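Residues per chain, in single letters:
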Amino acid sequence: MRSFRPTPVPSSEITAEGVFLRRRAFLRAAAGTAVGLGLPGCSDAEQAQARPGEAPLLKPLTGVIPGPKELQADDPPTAFKDASSYNNFYEFGTDKSDPAAHAGSLRPRPWSVAIEGEVGRPGVIDLDDLLRPHTLEDRIYRLRCVEAWSMVIPWVGIPLAAVLKRFDPVSKAKYVAFETLVDPEQMPGQRRSTLDWPYREGLRIDEAMHPLTLLAVGMYGKVLPNQNGAPLRLVVPWKYGFKSIKSIVKIRLTARQPRTTWQMENAREYGFFANVNPEVSHPRWSQARERRIGEWGKRPTLMLNGYGEQVESLYRGMDLREFY
Ligand SMILES: Nc1nc2c(c(=O)[nH]1)N[C@H]1C(S)=C(S)[C@@H](COP(=O)(O)O)O[C@H]1N2
Ligand SMILES: [Mo]
(Lines give C-alpha, C1' and ligand atoms only; values in the text may rest on other atoms or scores of the structure.)
(Ligands and ions follow the chains in the order given, each with its own letter.)
Protein backbone atom coordinates (compact mmCIF):
# COMPACT_ATOMS: atom_id res chain seq x y z
CA MET A 1 0.00 0.00 0.00
CA ARG A 2 1.28 3.42 -0.83
CA SER A 3 2.24 5.68 2.00
CA PHE A 4 -0.03 8.50 3.05
CA ARG A 5 0.78 12.10 2.14
CA PRO A 6 -0.70 14.31 4.86
CA THR A 7 -3.21 16.95 3.82
CA PRO A 8 -1.62 20.42 3.98
CA VAL A 9 -2.61 22.03 7.28
CA PRO A 10 -4.72 25.17 6.78
CA SER A 11 -3.05 28.26 8.24
CA SER A 12 -5.90 28.64 10.73
CA GLU A 13 -4.76 25.37 12.28
CA ILE A 14 -1.06 26.11 12.44
CA THR A 15 -0.08 26.58 16.05
CA ALA A 16 2.09 29.37 17.42
CA GLU A 17 5.78 28.56 17.47
CA GLY A 18 6.09 28.11 21.22
CA VAL A 19 3.20 25.72 21.18
CA PHE A 20 4.77 23.85 18.28
CA LEU A 21 8.02 23.43 20.23
CA ARG A 22 6.17 22.05 23.20
CA ARG A 23 4.31 19.69 20.88
CA ARG A 24 7.62 18.52 19.51
CA ALA A 25 8.81 17.86 23.02
CA PHE A 26 5.71 15.80 23.60
CA LEU A 27 6.04 13.85 20.39
CA ARG A 28 9.63 12.98 21.19
CA ALA A 29 8.74 12.11 24.74
CA ALA A 30 5.96 9.90 23.42
CA ALA A 31 8.38 8.30 20.98
CA GLY A 32 10.69 7.68 23.91
CA THR A 33 8.34 5.30 25.69
CA ALA A 34 9.47 2.33 23.67
CA VAL A 35 13.18 2.91 24.11
CA GLY A 36 13.51 4.86 27.32
CA LEU A 37 14.23 8.55 27.54
CA GLY A 38 17.71 8.53 26.03
CA LEU A 39 16.69 9.15 22.44
CA PRO A 40 19.55 10.28 20.23
CA GLY A 41 19.14 13.88 19.16
CA CYS A 42 16.69 14.58 21.93
CA SER A 43 18.15 17.14 24.30
CA ASP A 44 17.04 17.31 27.92
CA ALA A 45 15.51 20.72 27.32
CA GLU A 46 13.15 19.20 24.78
CA GLN A 47 12.02 16.39 27.05
CA ALA A 48 8.86 16.66 29.00
CA GLN A 49 9.85 16.22 32.63
CA ALA A 50 9.23 12.85 34.22
CA ARG A 51 10.78 11.16 37.22
CA PRO A 52 13.17 8.29 36.44
CA GLY A 53 11.32 5.09 35.60
CA GLU A 54 8.05 6.93 34.98
CA ALA A 55 6.22 7.33 31.72
CA PRO A 56 7.00 10.61 29.96
CA LEU A 57 4.63 13.44 30.74
CA LEU A 58 2.27 14.78 28.12
CA LYS A 59 1.56 18.47 27.97
CA PRO A 60 -1.94 18.91 26.62
CA LEU A 61 -2.48 22.32 25.12
CA THR A 62 -6.04 22.93 26.11
CA GLY A 63 -7.99 22.45 29.29
CA VAL A 64 -11.15 21.20 27.65
CA ILE A 65 -13.15 19.13 30.09
CA PRO A 66 -16.49 18.36 28.47
CA GLY A 67 -18.97 15.96 29.93
CA PRO A 68 -21.70 16.32 32.48
CA LYS A 69 -21.41 18.84 35.29
CA GLU A 70 -21.96 16.20 37.96
CA LEU A 71 -18.89 14.42 36.67
CA GLN A 72 -16.73 17.28 37.81
CA ALA A 73 -18.53 17.68 41.13
CA ASP A 74 -19.01 14.10 42.35
CA ASP A 75 -16.50 12.03 40.47
CA PRO A 76 -12.89 12.38 41.51
CA PRO A 77 -10.54 10.63 39.07
CA THR A 78 -9.80 7.00 39.89
CA ALA A 79 -6.32 6.44 41.33
CA PHE A 80 -3.76 6.05 38.53
CA LYS A 81 -2.55 2.86 40.20
CA ASP A 82 -6.03 1.29 39.90
CA ALA A 83 -6.62 2.53 36.35
CA SER A 84 -3.31 1.02 35.24
CA SER A 85 -3.50 -2.30 37.13
CA TYR A 86 -7.17 -3.37 36.79
CA ASN A 87 -7.61 -3.77 33.05
CA ASN A 88 -9.30 -5.71 30.31
CA PHE A 89 -6.91 -6.40 27.43
CA TYR A 90 -7.33 -10.02 26.35
CA GLU A 91 -4.24 -9.84 24.13
CA PHE A 92 -2.31 -10.16 27.42
CA GLY A 93 -4.61 -12.56 29.26
CA THR A 94 -8.12 -12.62 30.64
CA ASP A 95 -7.46 -11.70 34.28
CA LYS A 96 -7.70 -8.05 35.30
CA SER A 97 -4.10 -8.22 36.53
CA ASP A 98 -2.68 -9.81 33.34
CA PRO A 99 -2.30 -6.66 31.21
CA ALA A 100 -0.19 -4.82 33.79
CA ALA A 101 1.88 -7.98 34.36
CA HIS A 102 2.47 -8.88 30.71
CA ALA A 103 2.06 -5.81 28.49
CA GLY A 104 5.73 -4.90 28.84
CA SER A 105 6.38 -6.87 25.65
CA LEU A 106 4.31 -4.43 23.55
CA ARG A 107 6.46 -1.99 21.57
CA PRO A 108 4.42 1.20 21.07
CA ARG A 109 7.02 2.86 18.77
CA PRO A 110 7.56 2.83 15.89
CA TRP A 111 3.84 2.41 15.16
CA SER A 112 1.82 2.92 12.02
CA VAL A 113 -1.88 3.04 11.37
CA ALA A 114 -3.62 2.03 8.12
CA ILE A 115 -6.58 4.17 7.02
CA GLU A 116 -8.60 2.26 4.44
CA GLY A 117 -11.92 1.90 2.71
CA GLU A 118 -14.30 4.71 1.79
CA VAL A 119 -11.81 7.58 1.95
CA GLY A 120 -10.30 9.76 -0.74
CA ARG A 121 -6.79 9.40 0.69
CA PRO A 122 -6.18 5.86 1.96
CA GLY A 123 -2.75 4.83 3.14
CA VAL A 124 -0.47 3.88 6.00
CA ILE A 125 0.75 6.66 8.24
CA ASP A 126 3.33 6.71 11.02
CA LEU A 127 1.64 7.50 14.32
CA ASP A 128 3.75 10.60 14.97
CA ASP A 129 2.76 11.96 11.53
CA LEU A 130 -0.85 11.15 12.30
CA LEU A 131 -0.66 13.18 15.53
CA ARG A 132 1.56 16.06 14.38
CA PRO A 133 -1.05 18.55 13.08
CA HIS A 134 -3.39 18.04 16.03
CA THR A 135 -3.75 19.70 19.40
CA LEU A 136 -3.83 17.36 22.37
CA GLU A 137 -6.79 17.81 24.66
CA ASP A 138 -7.55 16.86 28.27
CA ARG A 139 -10.82 14.99 28.69
CA ILE A 140 -12.06 13.61 31.99
CA TYR A 141 -14.40 10.76 31.02
CA ARG A 142 -16.06 7.92 32.85
CA LEU A 143 -15.34 4.44 31.56
CA ARG A 144 -18.19 2.00 32.29
CA CYS A 145 -17.33 -1.64 31.71
CA VAL A 146 -20.16 -3.98 30.73
CA GLU A 147 -19.07 -6.03 33.78
CA ALA A 148 -20.63 -3.29 35.98
CA TRP A 149 -17.50 -1.59 37.26
CA SER A 150 -16.41 1.89 36.30
CA MET A 151 -13.58 4.40 36.54
CA VAL A 152 -13.08 8.12 35.97
CA ILE A 153 -10.02 8.73 33.84
CA PRO A 154 -8.35 11.95 32.70
CA TRP A 155 -7.51 11.12 29.09
CA VAL A 156 -5.20 12.96 26.73
CA GLY A 157 -6.05 12.69 23.07
CA ILE A 158 -7.43 14.13 19.88
CA PRO A 159 -10.96 14.03 18.52
CA LEU A 160 -11.36 11.11 16.10
CA ALA A 161 -13.36 13.39 13.77
CA ALA A 162 -10.38 15.66 13.17
CA VAL A 163 -8.24 12.68 12.14
CA LEU A 164 -10.87 11.10 9.88
CA LYS A 165 -11.53 14.37 8.06
CA ARG A 166 -7.89 14.57 6.95
CA PHE A 167 -8.37 11.38 4.94
CA ASP A 168 -11.41 12.74 3.09
CA PRO A 169 -14.22 10.27 3.86
CA VAL A 170 -16.52 9.81 0.85
CA SER A 171 -20.31 9.83 1.07
CA LYS A 172 -20.45 6.00 1.08
CA ALA A 173 -18.64 5.98 4.47
CA LYS A 174 -21.42 5.07 6.90
CA TYR A 175 -19.39 3.21 9.54
CA VAL A 176 -15.85 3.09 10.91
CA ALA A 177 -14.19 -0.23 11.75
CA PHE A 178 -11.12 -0.50 13.98
CA GLU A 179 -8.60 -3.28 14.49
CA THR A 180 -5.98 -3.96 17.15
CA LEU A 181 -2.46 -5.20 16.36
CA VAL A 182 -2.02 -8.94 15.81
CA ASP A 183 1.45 -10.05 16.91
CA PRO A 184 1.68 -13.00 19.32
CA GLU A 185 5.33 -12.11 19.97
CA GLN A 186 4.27 -8.79 21.47
CA MET A 187 0.86 -9.94 22.64
CA PRO A 188 1.31 -13.36 24.24
CA GLY A 189 -2.43 -13.76 24.90
CA GLN A 190 -2.87 -14.11 21.13
CA ARG A 191 -1.10 -17.49 21.23
CA ARG A 192 -4.41 -18.79 22.48
CA SER A 193 -7.70 -18.36 20.65
CA THR A 194 -9.52 -16.70 23.53
CA LEU A 195 -10.95 -14.33 20.92
CA ASP A 196 -10.92 -14.41 17.11
CA TRP A 197 -7.99 -11.99 16.66
CA PRO A 198 -7.68 -9.20 15.76
CA TYR A 199 -9.87 -7.48 18.35
CA ARG A 200 -12.38 -5.51 16.24
CA GLU A 201 -14.70 -2.63 16.99
CA GLY A 202 -16.94 -0.30 15.04
CA LEU A 203 -18.93 2.90 15.22
CA ARG A 204 -21.57 4.48 13.05
CA ILE A 205 -20.08 7.46 11.22
CA ASP A 206 -22.05 10.04 13.24
CA GLU A 207 -20.83 8.43 16.47
CA ALA A 208 -17.27 8.45 15.15
CA MET A 209 -17.56 12.12 14.19
CA HIS A 210 -19.10 13.17 17.52
CA PRO A 211 -16.86 15.65 19.37
CA LEU A 212 -16.79 13.47 22.52
CA THR A 213 -15.21 10.55 20.61
CA LEU A 214 -11.51 10.57 21.34
CA LEU A 215 -8.39 8.87 20.08
CA ALA A 216 -6.37 8.73 23.29
CA VAL A 217 -2.57 8.72 23.44
CA GLY A 218 -2.24 9.42 27.15
CA MET A 219 -3.92 9.46 30.54
CA TYR A 220 -3.26 11.32 33.80
CA GLY A 221 -1.02 13.68 31.80
CA LYS A 222 1.29 10.83 30.80
CA VAL A 223 1.84 8.64 27.77
CA LEU A 224 -0.62 5.69 27.84
CA PRO A 225 0.68 2.70 29.78
CA ASN A 226 0.85 -0.34 27.49
CA GLN A 227 -1.89 -2.08 29.47
CA ASN A 228 -4.26 0.82 28.76
CA GLY A 229 -3.86 0.49 25.00
CA ALA A 230 -0.64 2.22 23.98
CA PRO A 231 0.08 3.92 21.75
CA LEU A 232 -3.41 4.72 20.42
CA ARG A 233 -6.84 3.72 21.67
CA LEU A 234 -10.42 4.76 21.19
CA VAL A 235 -12.50 6.29 24.00
CA VAL A 236 -16.28 6.56 23.49
CA PRO A 237 -17.53 7.64 26.90
CA TRP A 238 -21.26 6.92 26.46
CA LYS A 239 -20.64 3.30 25.41
CA TYR A 240 -19.54 0.24 27.38
CA GLY A 241 -15.79 -0.05 27.81
CA PHE A 242 -15.36 -2.80 25.25
CA LYS A 243 -16.01 -0.29 22.44
CA SER A 244 -12.79 1.48 23.50
CA ILE A 245 -10.47 -0.62 21.37
CA LYS A 246 -6.78 -0.55 22.30
CA SER A 247 -3.49 -0.51 20.36
CA ILE A 248 -5.19 0.39 17.06
CA VAL A 249 -3.39 -0.41 13.79
CA LYS A 250 -6.26 -0.13 11.31
CA ILE A 251 -9.14 2.28 10.75
CA ARG A 252 -11.44 1.33 7.89
CA LEU A 253 -14.39 3.40 6.70
CA THR A 254 -17.15 1.17 5.35
CA ALA A 255 -20.57 1.30 3.70
CA ARG A 256 -21.86 -1.65 5.77
CA GLN A 257 -21.99 -2.11 9.53
CA PRO A 258 -18.79 -3.94 10.49
CA ARG A 259 -18.71 -7.01 12.73
CA THR A 260 -17.26 -6.43 16.17
CA THR A 261 -15.38 -8.84 18.42
CA TRP A 262 -17.95 -9.15 21.20
CA GLN A 263 -20.85 -9.39 18.77
CA MET A 264 -18.98 -12.22 17.02
CA GLU A 265 -18.40 -13.91 20.38
CA ASN A 266 -21.95 -13.62 21.62
CA ALA A 267 -24.44 -11.52 19.65
CA ARG A 268 -27.18 -12.04 22.22
CA GLU A 269 -25.12 -10.51 25.02
CA TYR A 270 -23.24 -7.80 23.13
CA GLY A 271 -24.71 -5.57 20.46
CA PHE A 272 -23.12 -3.27 17.92
CA PHE A 273 -24.23 -0.09 19.67
CA ALA A 274 -23.36 -1.05 23.27
CA ASN A 275 -24.70 2.23 24.64
CA VAL A 276 -24.58 2.37 28.43
CA ASN A 277 -28.18 1.80 29.48
CA PRO A 278 -29.27 1.08 33.06
CA GLU A 279 -32.68 -0.02 31.76
CA VAL A 280 -31.43 -2.82 29.53
CA SER A 281 -29.96 -5.70 31.50
CA HIS A 282 -27.18 -7.85 30.17
CA PRO A 283 -28.75 -11.34 29.84
CA ARG A 284 -26.77 -12.53 32.89
CA TRP A 285 -26.78 -9.46 35.15
CA SER A 286 -28.35 -6.06 35.72
CA GLN A 287 -26.80 -2.87 34.36
CA ALA A 288 -28.70 -0.63 36.81
CA ARG A 289 -25.75 -0.07 39.15
CA GLU A 290 -21.99 -0.04 39.00
CA ARG A 291 -19.02 -0.28 41.34
CA ARG A 292 -16.61 2.63 40.95
CA ILE A 293 -13.15 1.13 41.30
CA GLY A 294 -11.69 2.35 44.60
CA GLU A 295 -15.10 2.82 46.23
CA TRP A 296 -17.21 0.59 48.45
CA GLY A 297 -20.82 0.03 47.59
CA LYS A 298 -22.45 0.80 44.28
CA ARG A 299 -23.79 3.83 42.51
CA PRO A 300 -26.56 4.04 39.95
CA THR A 301 -25.53 3.77 36.32
CA LEU A 302 -26.60 6.80 34.32
CA MET A 303 -28.33 6.65 30.95
CA LEU A 304 -25.69 6.90 28.22
CA ASN A 305 -23.16 6.96 31.09
CA GLY A 306 -24.27 10.53 31.92
CA TYR A 307 -23.51 11.90 28.46
CA GLY A 308 -27.14 11.85 27.27
CA GLU A 309 -27.40 15.59 26.86
CA GLN A 310 -24.56 15.50 24.34
CA VAL A 311 -25.38 12.32 22.43
CA GLU A 312 -29.06 11.38 22.72
CA SER A 313 -29.82 13.14 19.42
CA LEU A 314 -27.75 10.45 17.69
CA TYR A 315 -30.39 7.87 18.67
CA ARG A 316 -33.61 9.79 18.15
CA GLY A 317 -36.29 7.44 16.84
CA MET A 318 -34.24 4.32 17.64
CA ASP A 319 -35.46 1.75 20.15
CA LEU A 320 -32.39 1.30 22.35
CA ARG A 321 -33.72 -2.07 23.55
CA GLU A 322 -33.71 -3.38 20.02
CA PHE A 323 -30.46 -1.67 19.07
CA TYR A 324 -28.40 -2.57 22.16
N1 LIG B 1 -7.70 -4.67 21.94
C2 LIG B 1 -8.48 -4.71 23.02
N3 LIG B 1 -9.13 -3.57 23.38
C4 LIG B 1 -9.92 -3.58 24.48
C5 LIG B 1 -10.12 -4.76 25.23
C6 LIG B 1 -9.42 -5.94 24.82
O7 LIG B 1 -9.52 -7.03 25.42
N8 LIG B 1 -8.61 -5.86 23.72
N9 LIG B 1 -10.98 -4.75 26.32
C10 LIG B 1 -12.02 -3.71 26.34
C11 LIG B 1 -12.77 -3.63 27.60
S12 LIG B 1 -13.86 -4.89 27.90
C13 LIG B 1 -12.66 -2.55 28.45
S14 LIG B 1 -13.68 -2.41 29.81
C15 LIG B 1 -11.64 -1.48 28.22
C16 LIG B 1 -10.78 -1.33 29.46
O17 LIG B 1 -9.91 -0.24 29.31
P18 LIG B 1 -8.86 0.08 30.47
O19 LIG B 1 -8.11 -1.20 30.74
O20 LIG B 1 -7.97 1.16 29.94
O21 LIG B 1 -9.65 0.51 31.65
O22 LIG B 1 -10.78 -1.78 27.11
C23 LIG B 1 -11.45 -2.33 25.98
N24 LIG B 1 -10.54 -2.40 24.86
MO1 LIG C 1 -15.30 -4.06 29.58
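The following refers to the structure shown. (Residues numbered from 1 in each chain as written. Chains lettered and ligands numbered in written order. Predicted model: local features only at pLDDT ≥ 70, side-chain atom pairs only at ≥ 80, totals over all residues. Heavy atoms only, no water.)

**Things to note about the layout of surface pockets**
Within this model, the largest pocket holds a volume of roughly 450 Å³. Along the walls of the largest pocket sit 27 residues, with Asn88, Phe89, Tyr199, Gly241 and Phe242 positioned nearest its centre. Take the lining of the largest pocket: its biggest share by element is 4 residues, from strand β4 (residues 149-159). Looking at the lining of the largest pocket, its residues break down into 17 nonpolar, 6 polar and 4 charged. (1 Å grid on protein atoms, 1.4 Å probe; cavity = no way out; pocket = protein on both sides within 12 Å on 5 of 7 lines; lining within 4 Å. Points joined across faces, edges and corners; volume = space filled by probe spheres on them. Helix = DSSP H or I, 4+ residues; strand = E, 2+ residues; numbered from the N terminus. Nonpolar A, V, L, I, M, F, W, Y, C, P; charged D, E, K, R; others polar.)

**Notes on the sheet that holds strand β5 (residues 175-180)**
Judged by pairing direction, the sheet is mixed, and its 5 strands sit side by side in the order β2-β1-β10-β5-β6 without closing on themselves. At either end of the open sheet lies a strand with only one pairing partner, and these are β2 (123-126) and β6 (200-204). Each strand of the sheet is rotated relative to its neighbour by a mean of 20 degrees, with strand direction disregarded. As paired strands, β5 and β6 are joined by 5 bridges and run antiparallel to one another. Bridged to valine 176 within β6 is leucine 203. (Pairing = 2+ DSSP bridges. Axes fitted to C-alpha atoms, helices over the stretch in contact; angles between N-to-C directions.)

**Describing unusual backbone geometry**
The omega torsion of the bond from tryptophan 197 to proline 198 falls at 0 degrees, within 30 degrees of zero and hence cis. On the secondary structure map, proline 198 appears in the loop between β5 and β6. The omega torsion across alanine 230 and proline 231 is -5 degrees, close enough to zero to call that bond cis. Structurally, proline 231 is set in the loop between β8 (222-223) and β9 (233-235). Positioned with a positive phi, serine 247 is a non-glycine residue whose angle comes to about 45 degrees. Structurally, the position occupied by serine 247 is in the loop between β9 and β10 (248-254). Judged by relative accessible area, serine 247 falls into the buried class, the value being 0%. Although it is not a glycine, alanine 274 sits at a positive phi angle of roughly 55 degrees. Here alanine 274 shows up in the loop between α8 (261-265) and β11 (289-292). Since its relative accessible area comes to 4%, alanine 274 is described here as buried. (Buried < 20%, exposed > 50% of the residue type's maximum accessible area, 1.4 Å probe, protein only.)

**Focus on the packing of aromatic side chains**
Taken as a whole, this structure holds 11 aromatic pairs when the rule is applied. When the ring of phenylalanine 273 is compared with that of tyrosine 315, the centres are 6.3 Å apart and the planes differ by 85 degrees; the resulting orientation is edge-to-face. Placement of the pair is phenylalanine 273 in the loop between α8 and β11 and tyrosine 315 in the segment after α9 (308-311), with a sequence separation of 42 residues. Among the residues examined, phenylalanine 273 registers a relative accessible area of 6% and is labelled buried. A connected cluster of aromatic rings, assembled from ring pairs, spans Tyr175, Phe272, Phe273, Tyr315 and Phe323. Directly above the aromatic system of tyrosine 86 lies the positively charged group of lysine 96, at a separation of 5.9 Å from the ring centroid. Cation over ring: lysine 243 sits above phenylalanine 272, and NZ or CZ is 4.5 Å from the ring centre. (Phe/Tyr/Trp six-rings, centres within 6.5 Å; stacked < 30°, edge-to-face > 60°. Lys NZ or Arg CZ within 6 Å of the ring centre and 35° of its normal.)

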